Amino acid sequence: MEKGLHFTICVLTTVLLLRESSQAGEEKDPEVLAAPKPESRGAGEGLPTLTVTTILEDPYVMVRGAELEGYCMELLAALAAMLRFQYRVKVVGDGQYGAVAAGGNWSGMIGEILRREADIAVAPLTVTSAREEVVSFTTPFLQTGIGILLRKDTTSQDMSFFHFLSPFSKETWTALLFAYLLTCFCLFLVARLSPCEWNEPKNEENHFTFLNSLWFGAGALALQGATPRPQALSVRVIAVVWWLFTLALLAAYIANFTALLSSGSEQLPIQTFEDLVKQRNLEFGTLEGSSTFYYFKNSKNPIHQMIYKYMEKRREHVLVKTYQEAVQRVMDSNYAFIGESISQDLAAARHCNLIRAPEVIGARGFGIATAQ
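The residue numbering used here restarts from 1 in each chain and proceeds along that chain's sequence as written. Local features in this predicted model are restricted to residues of pLDDT 70 or higher, and side-chain atom pairs are both shown and tallied only at a pLDDT of 80 or more, whereas totals for entire chains, interfaces and linings draw on every residue. Heavy atoms from the whole structure form the basis of all side-chain values; hydrogens and water molecules are not counted.

The chain goes by Glutamate receptor in an unreviewed UniProt entry, where it is assigned to Tychaedon coryphoeus. The record in UniProt for the chain states the following under Subcellular location (unreviewed entry): "Postsynaptic cell membrane". UniProt positions are given in the numbering used here, feature names are shortened, and annotations may be inferred rather than shown by experiment.

*Asks:* Would you take a moment to explain the packing of aromatic side chains for this structure?
*Replies:* The geometry of two aromatic rings is summed up by the distance between their centres and the angle between their planes. Here the aromatic set is Phe, Tyr and Trp, taking the six-membered ring for Trp, and pairing holds for ring centres within 6.5 Å; pairs whose planes are under 30 degrees apart are stacked, those over 60 apart are edge-to-face, and all others are tilted. Counted according to the given criterion, the structure contains 16 aromatic pairs. Plain terms: the ring middles of Phe 141 and Phe 366 are 6.5 Å apart, the flat faces sit at 50° to each other, and that makes the pair tilted. Of this pair, Phe 141 sits in the loop between β6 (135-137) and β7 (142-151) while Phe 366 sits in strand β13 (residues 361-366); the two residues are 225 residues apart in sequence, bridging distant segments of the chain. Here Phe 141 and Phe 366 have matching classes, each one buried. Ring geometry for Tyr 323 and Phe 337: centres 5.9 Å apart, planes at 70°, overall edge-to-face. Separated by 14 residues along the polypeptide, Tyr 323 in helix α15 (residues 323-332) and Phe 337 in strand β11 (residues 335-340) bring together distant segments of the chain. Summarising the burial analysis for this pair, Tyr 323 and Phe 337 share the class buried. Linked through ring pairs, Tyr 60, Tyr 71, Phe 141 and Phe 366 together constitute an aromatic cluster. A helix here means a DSSP run of H or I that spans at least four residues, while a strand means a run of E at least two residues long, and both kinds are numbered starting from the N terminus. Accessibility here uses a 1.4 Å probe with only protein chains present; expressed as a share of the type maximum, an area under 20% marks a residue as buried, one over 50% as exposed, and anything in between as partly exposed.

Take a look at the structure:
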């Protein structure tokens, strides 16, 4: 009897030990750890689950290990906590943002939303009128524009002999020359009409010949006095106005020239999209099927049309697939990338040999796209 009782106790003890061992093994099992506990499942129970499509672009969406992180992922997490929904993220299959194909179908993230493969798109997706016709956009969460990304050694040049003309544009210098000639002509004409400017009326000698008027006007531009000086009140009024104008002009010139010398921008020959079109040393392009490409296609500006025709004619060679490919190509070859200015500023900050041209066009914003 005692032996049977002892045997029964040993069996029960063994069963209990095996059960505890099994439970401990389950707690250490990764699959069990990954599975939601009853409490967490109950906390998310009843919340809608949205399928989110995105695209890999640094720093908005990046792969770190087995997870996605970046600005858009943090934005999505904040929205989920605020609006109380669950989500699962998928990277867009064709790696495109969204453009109309030849058959009228949309590619990229816009196409996935239209085909109900995704509920929303959280990515650096530009809000355009064409996309707004088929999907809905939120208020833009980031403002940007279109700029030109260059490599510094492909754009730098030695300081030319005429670098002192850099502070003003060609139009400004042309207007200044016209104003100078017109003012000198007015000085000459008024001096001819005023009796006070005639030295001896009988000999018909006048101080202000046209040549003297040109010399007087040039002396004012150089802040130097010049003879003959005006005698008549009417001529003096014109001279005072011209002197005040030259003082303001020289102040603006000195300020702009000092800023150019300190920033080194005078060594950047490509400052506008017009400069980019006129040069022949650099190839230029943008992302294939991007909103930037269609911006130039739909623009009525002659310069923008020239850029579009260049990219369309050489699309197999100058259009790139991804933003990372574009940055790498700018660094490795004579190539200028046309794209979102805010992303170009980040690339220039990360790579010391890159720079963005000053001109930015086409103000636009990044928004979250949803089905209409």
